[in-house]
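# Secondary and tertiary structure notes
Residue-level listing of the chains:
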Amino acid sequence: RIIILGAGLQGAALAYYLTLRGARPVIVEREKVAAAASGKGGGFLARNWGNSITRQLHKVSFQLHEELAQTLDIKSYRKLPVLSVQPGDRTPWTNNLCPWLDGDIADSSLMDA
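This is a predicted model, so every value here is computed, not measured. (Residues numbered from 1 in each chain as written. Predicted model: local features only at pLDDT ≥ 70, side-chain atom pairs only at ≥ 80, totals over all residues. Heavy atoms only, no water.)

It is worth spelling out the overall build of the chain at this point. Scanning the chain from terminus to terminus reveals 4 helices and 4 strands. Traced from its N-terminal end to its C-terminal end, the chain shows the element sequence β-α-β-α-α-β-α-β. Taken over C-alpha atoms, the radius of gyration comes to 19 Å for the chain, far larger than the 13 Å a tight globule of 113 residues would show. Taking the principal axes of the C-alpha coordinates as reference, the chain spans close to 60 × 30 × 25 Å. Excluding contacts between residues fewer than 6 apart, the proportion of contacts in the chain whose partners are at least 24 apart in sequence is 29%. Taking the 13 positively charged and 10 negatively charged side chains of the chain as two groups, their mean positions are separated by 11 Å. (Helix = DSSP H or I, 4+ residues; strand = E, 2+ residues; numbered from the N terminus. Rg over C-alpha atoms; globule rule 2.2 N^0.38 Å. Contact = heavy atoms within 4.5 Å. Lys, Arg positive; Asp, Glu negative; His and termini not counted. Charge placed at Lys NZ, Arg CZ, Asp CG, Glu CD.)

On the surface, Y17, L20, V60 and L64 cluster together into a nonpolar patch covering about 340 Å² of accessible area. At the level of secondary structure, the elements contributing two or more residues to the nonpolar patch comprise α1 (9-20) and α3 (55-71). Tracing the chain through its elements places L20 in helix α1. (Patch = residues over 30% accessible without salt bridge, like charges linked within 9 Å, V, L, I, M, F, W, Y side chains within 5 Å. Areas by Shrake-Rupley, 256 points an atom, 1.4 Å probe, with all protein chains shown as cover. Salt bridge = Lys/Arg side-chain N within 4 Å of Asp/Glu carboxyl O.)

A separate point is the side chain of H58. Here H58 shows up in helix α3. Ignoring sequence-local partners within four residues, the contact set of H58 consists of A46, R47, W49 and G50.

Another point: the confidence of the model for the chain. In the predicted model, the chain carries a mean pLDDT of 85, and the fraction of residues at 70 or more is 92%. Mean pLDDT values for the elements of the chain range from 69 in helix α4 (residues 92-97) up to 98 in strand β1 (residues 3-5). (pLDDT = per-residue confidence, 0-100.)

By the element assignment, V60 lies in helix α3. Sequence separation between V60 and Q86 is 26 residues, and the spatial gap between their C-alpha atoms is 25 Å.

Laid out in structure tokens, this is it:
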């Protein structure tokens, strides 16, 4: 018997993938599904984020999100351009690229472009 404590993102994902392998896990949740941190996240994910240690995990996670959206017919899933911004003195490049941002911006780039 497999018992999963918590129905947040990790617990729900674990239950989903175990079910695909033929298991029948039981989730025990104190409050409700995604009641804490998992239910408060904005759903942001960037494929090329992270450092050399986590980069592969980011790429696999990014692909899994797209596959899950298709498999589960989730209509709200969509890919959006992500702007990476580094603080510092503004340049003509950052003035033109993102004039709507407040503060000093030394550099910016589109991620996953």
